[in-house]
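Each chain, letter by letter, is given below.
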Amino acid sequence: MKRKYLPGTSMLVLTLLISAGSHFCQTAQATPKHVQIGDGVNGPRGMVWIDSGQFLMGSDSDKSQPNERPAHLVSLDGFWIDQHHVTNDDFEKFVAETGYITTAEKKPDWETISVQLPEGTPRPNDSVLVPGGLVFISTEKPVSLADYSQWWRYAPGANWRQPNGPGSNIKDKGNHPVVQVSYEDAINYAKWAKKRLPTEAEWEYAARGGLDQATYAWGDILKPDNKAMAHTWDEASSAFPVQSAKVLPGTLPVKSFEANDYKLYDMAGNAWQWVADWYRPDSFVIQAKNPSNHNPQGPEASLDPSRVRPDAPTRVIRGGSFLCSETYCEGYRVSARQGQDPYSSSANVGFRLAMSMEEWEKLTKD
């Protein structure tokens, strides 16, 4: 059975506690009239203009999960979206200019963490509430895929500069997606960049590249002519999550694989991407009842009965990562979605940004 969620802050605290010794179907045409990439004058540099249009959001395919159903018609105004993930180089400029300190670099705040845990969970000693993030550690042999704690751990010292913990670094990886960034970090970067996170609807419309209801951003075959189209787990080499600890998987440079038909890179694999919406597994059920569905913004708050605390804050992540595989997590499918604690950070979650034409025009006038 494939799990639907990445580990979040709840796992972080549980690990710390252990360390401390505490116990329709309507056809919709989405093909753009043209593809325009901004150059800083005719649109924001490095962003792609996505024409307004309609598309079927979600999926009713055999591969789809309940939280992707039903497929429903959505219309959107045109928007700009980054051609690729925000990179380490991009993020470094932000930090250098602002002095920003990421979530993973700060001491965990118990009040923020505790809302992800069972009520009454005792507060651990302050000595174990140390800055860090979640990292993939692999296993030596096949394990139950129902227990993600066997291949994830909380690593003190892990952050965007040291995505896999102390001893790791981003040297010569300036063009890789920045990871170990929380939703809060992404929002703060977006404010600095005078952009915003895309809505979930904008993200999926862009990711589909005009291919209505295709399984992947490039079509319906995962590896056409046996060619990899995204950076995901290589099942031919080893079954997830078995991997040599000396050769752990990680991100690749952006643009390592072909762009989709909207000239967007890595809309599948490499690193998950934060989007603006709150997460609910029944979001599409609710959305499908709306007769207009124009520029949907998602639910007003998160709610997920499958979690320990159903009302705990969770935001949507999209696109999958280098850890997604056919046997465990097909997050690289274009309709796949998950919820994630907005204050958590991990080695396989990053983001890209968006902007409306009105926002761009205002920016150029200021």
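Refer to the structure printed above.
Since the model is a prediction, treat every value here as computed from it, not as a measurement. Numbering of residues begins from 1 in every chain and follows the order in which that chain's sequence is written. pLDDT decides what is reported in this predicted model: residues at 70 or higher carry local features, side-chain atom pairs at 80 or more are listed and counted, and totals for whole chains, interfaces and linings draw on all residues regardless. Side-chain metrics in this entry use all non-hydrogen atoms of the structure; hydrogen atoms and water are not considered.

> Please explain helix H2 (residues 88-98) as it appears in this structure.
Every α-helix carries 3.6 residues per turn, so stepping three or four residues along brings you back to the same face. Among all positions of H2, only Asn88, Phe91, Phe94 and Val95 are buried. For H2, the angular spread of the buried residues around the axis is 120°, confining them to a single face. In H2, the exposed positions that point more than 90 degrees away from the buried face belong to Lys93, Ala96 and Glu97. A contact between two residues is defined here by any heavy atoms of the two lying within 4.5 Å. What counts as a helix is a DSSP run of H or I of at least four residues, what counts as a strand is a run of E of at least two, and both are numbered from the N terminus. Of the surrounding secondary structure, the elements contacted by the buried residues of H2 are helix H4 (183-193) and strand S11 (349-351). Of the residues flanking the end of H2, it is Gly99, one or two places downstream, whose phi is positive at about 75°. Here's how the labels work: a residue is buried when its accessible area is under 20% of the maximum for its type, exposed when over 50%, partly exposed in between, all with a 1.4 Å probe on protein chains only. The arc in question is the one traced by the directions running from the helix axis out to the C-beta atoms.

> What am I meant to see in the environment of Thr232 here?
Tracing the sequence through the fold places Thr232 in the loop between helix H5 (200-208) and strand S8 (272-278). Taking the C-alpha atoms as reference, Thr232 lies 25 Å from Ala104; in sequence the two are 128 residues apart. In this structure Thr232 touches Gly269, Ser321, Phe322, Cys324 and Tyr332, once residues within four positions along its chain are discounted.

> Looking at this model, I keep getting lost on the pattern of salt bridges. Mind explaining?
A carboxyl oxygen of Asp or Glu within 4 Å of a side-chain nitrogen of Lys or Arg is what we treat as a salt bridge. Across all of its chains, the model carries 16 salt bridges by this definition. Here Glu330 and Lys63 are joined by a salt bridge, their closest N and O atoms 3.0 Å apart. Residue Glu330 is located in the loop between strand S9 (315-318) and strand S10 (337-340), and its partner Lys63 is located in the loop between strand S3 (53-57) and strand S4 (72-76); the two are separated by 267 residues in the primary sequence. Residue Glu330 is classed as buried on the basis of its relative accessible area, which comes to 9%. Here Lys63 falls in the partly exposed class, since its relative accessible area comes to 35%. Residue Glu68 is joined to Arg333 by a salt bridge in which the shortest nitrogen-to-oxygen separation is 2.6 Å. With a gap of 265 residues between them, Glu68 in the loop between S3 and S4 and Arg333 in the loop between S9 and S10 connect regions that are remote in the sequence. Among the residues examined, Glu68 registers a relative accessible area of 0% and is labelled buried. Exposure remark for Arg333: the relative accessible area of 3% places this residue in the buried category.

> Teacher, can you tell me more about unusual backbone geometry here?
What you tend to see is this: most non-glycine residues have negative phi, and most peptide bonds are trans. Arg69 connects to Pro70 through a cis peptide bond whose omega is -5°. One can find Pro70 in the loop between S3 and S4. Residue Pro241 is reached from Phe240 by a cis peptide bond, and omega for that bond is 0°. Within the secondary structure layout, Pro241 lies in the loop between H5 and S8. One non-glycine residue, Lys255, lies in the positive phi region at around 70°. When you line up the elements, Lys255 lands in the loop between H5 and S8. Non-glycine residue Lys263 carries a positive phi angle of around 65°. Tracing the backbone through its elements, the reader meets Lys263 in the loop between H5 and S8.

> What am I meant to see in the sheet that holds S11 here?
Think of a sheet as strands paired side by side through backbone hydrogen bonds, with each pair either parallel or antiparallel. Strand pairing is defined by DSSP finding a minimum of two bridges between the two strands. The 4 strands lie next to each other as S10-S9-S8-S11, forming an open sheet whose pairing is mixed. Lying at the two open borders of the sheet, with one neighbouring strand each, are S10 and S11. Strand-to-strand twist in this sheet, taken as the mean axis angle between neighbours without regard to direction, amounts to 50°. Between the N-to-C directions of two axes lies an angle of 0 to 180 degrees, each axis being a line fitted to C-alpha atoms and, for a helix, fitted only over the stretch in contact.

> Looking at this model, I keep getting lost on the sheet that holds strand S2 (residues 47-50). Mind explaining?
Strands sit in the order S1-S2-S5-S12 across an open sheet of 4 strands; the sheet is antiparallel. Whereas interior strands pair on both sides, the edge strands pair on one side only; in this sheet they are strand S1 (36-37) and strand S12 (354-356). Both strand S5 (residues 79-82) and S12 contribute to a ladder of 3 bridges, which runs antiparallel. Of the residues in S12, the one forming a bridge with Trp80 is Met355. Taken strand by strand, H5 contacts S2, S5 and S12, and its axis lies near 75° from that of S5.

> How do you make sense of the environment of Ser138 when you look at a structure like this?
Inspection of the secondary structure puts Ser138 in the loop between strand S6 (132-136) and strand S7 (152-156). With 12 residues separating them along the chain, Ser138 and Gln150 place their C-alpha atoms 7.7 Å apart. Dropping the residues within four chain positions of it, Ser138 is found in contact with Gln150, Trp151, Pro241, Gln243, Ser244, Ala245 and Leu248. Pairs of N or O atoms are called polar contacts if they sit within 3.5 Å, as long as, within protein, a hydrogen donor faces a hydrogen acceptor (for residues adjacent in sequence, only side-chain-to-side-chain pairs). Here Gln243 takes part through its backbone oxygen, which lies 2.9 Å from a polar atom of the side chain of Ser138.

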